[in-house]
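Each chain is listed here by its residues.
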Amino acid sequence: EDATAAGSAVQEVPWREVFRRAPGAALVATGFGSGLLPKAPGTWGSLLAVALGEGLVGAAGLPGLAGLAAVATVLGVPAAGRVASLRGRKDPSEVVVDEVAGQALALAILHAALPPGGPPLVRWGLVLLAFVLFRALDIGKPGWIGRLEALPGGWGVMADDLLAGTTVERIG
């Protein structure tokens, strides 16, 4: 259970201690440490998703990219919940597995709609557009996207980004 959601006054645990107590969850939740990079951790998490996702599209096609979104979600919900609880915060900014999952979902929807063998410049332009739109939705959290943060535990961390990822397709 998330400590802040339970209303208890929990002191924030340092990241070193979080990695000691739950190394796997911390590694997954921080996007292999990308969320610990200075300035704009969510952007680093989204960039990680673009790099991994586009690499997977090249190596394994759309199933590889969809697999990234699925694995990030399945592993991310419990990892984000555990790390948030350890940190004593509802949604620590360094937890970026939600950005990885949401951005990968946005890219999977984009690639599902793209004709195979299209011009690389167009493809990369659309990838950039999906990145910018996803970040704008993730930061702005309009409408239902922001309301999903009220869900308990890891779902409160992850669900808003998953909805933002699917919303990119409707806007773009």
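The present account deals with the structure reproduced in this document. (Residues numbered from 1 in each chain as written. Predicted model: local features only at pLDDT ≥ 70, side-chain atom pairs only at ≥ 80, totals over all residues. Heavy atoms only, no water.)

1. As for the nonpolar core
- Judged by nonpolar contacts, the single largest core of 40 residues is most densely connected at Val18, Leu65, Val83, Val95, Val97, Leu107 and Val168.
- Elements that contribute at least two residues to this core include exactly helix 1 (15-21), helix 2 (23-29), helix 3 (41-60), helix 4 (62-87), helix 5 (97-113), helix 6 (120-140) and helix 8 (153-171).
- Val18 has contacts with Val13, Pro23, Ala26, Val83, Leu86 and Arg87, leaving out every residue within four places of it along the chain. (Core = buried A, V, L, I, M, F, W, Y, C linked by side-chain atoms within 4.5 Å. Buried < 20%, exposed > 50% of the residue type's maximum accessible area, 1.4 Å probe, protein only. Helix = DSSP H or I, 4+ residues; strand = E, 2+ residues; numbered from the N terminus. Contact = heavy atoms within 4.5 Å.)

2. A closer look at the packing of aromatic side chains
- Inspection of every chain in the model, using the stated rule, returns one aromatic pair.
- When the ring of Trp15 is compared with that of Phe19, the centres are 6.2 Å apart and the planes differ by 55°; the resulting orientation is tilted. On the criterion of helical spacing, the pair formed by Trp15 and Phe19 is a turn pair, its members being four residues apart in helix 1.
- Accessibility expressed as a relative area gives 15% for Trp15, which makes it buried.
- Overall, the relative accessible area of 25% leaves Phe19 in the partly exposed class.
- Above the plane of the ring of Trp144 lies Arg147, whose end atom (NZ or CZ) is 4.9 Å from the centre. (Phe/Tyr/Trp six-rings, centres within 6.5 Å; stacked < 30°, edge-to-face > 60°. Lys NZ or Arg CZ within 6 Å of the ring centre and 35° of its normal.)

3. Topic: a nonpolar patch on the surface
- The grouping of Leu37, Trp44 and Leu47 at the surface amounts to a nonpolar patch, some 250 Å² of accessible area in total.
- By the secondary structure assignment, Trp44 is in helix 3. (Patch = residues over 30% accessible without salt bridge, like charges linked within 9 Å, V, L, I, M, F, W, Y side chains within 5 Å. Areas by Shrake-Rupley, 256 points an atom, 1.4 Å probe, with all protein chains shown as cover. Salt bridge = Lys/Arg side-chain N within 4 Å of Asp/Glu carboxyl O.)

4. Considerations on the side chain of His111
- Along the chain, His111 falls in helix 5.
- Looking at His111, the relative accessible area reads 11%, which means it is buried.

5. Some details on the packing of helix 4 against helix 8
- Relative to each other, helix 4 and helix 8 sit at 135°, their axes nearing to 6 Å. It follows from the interaxial angle that helix 4 and helix 8 lie oblique. Seen along the crossing, helix 4 lies across helix 8 with a hand that is right-handed. Between helix 4 and helix 8, the residues in contact are Ala72, Thr73, Gly76, Val77, Ala80 and Gly81 and Gly153, Gly154, Trp155, Val157, Met158 and Leu162, respectively.
- Partitioning the contact of helix 4 with helix 8 into residue classes produces seven nonpolar, five polar and no charged. (Axes fitted to C-alpha atoms, helices over the stretch in contact; angles between N-to-C directions. Parallel < 35°, antiparallel > 145°, perpendicular 65-115°, else oblique. Left-handed = near helix turned anticlockwise from the far one by under 90°. Nonpolar A, V, L, I, M, F, W, Y, C, P; charged D, E, K, R; others polar.)

Remember that the coordinates give geometry; whether it matters functionally is a separate question.
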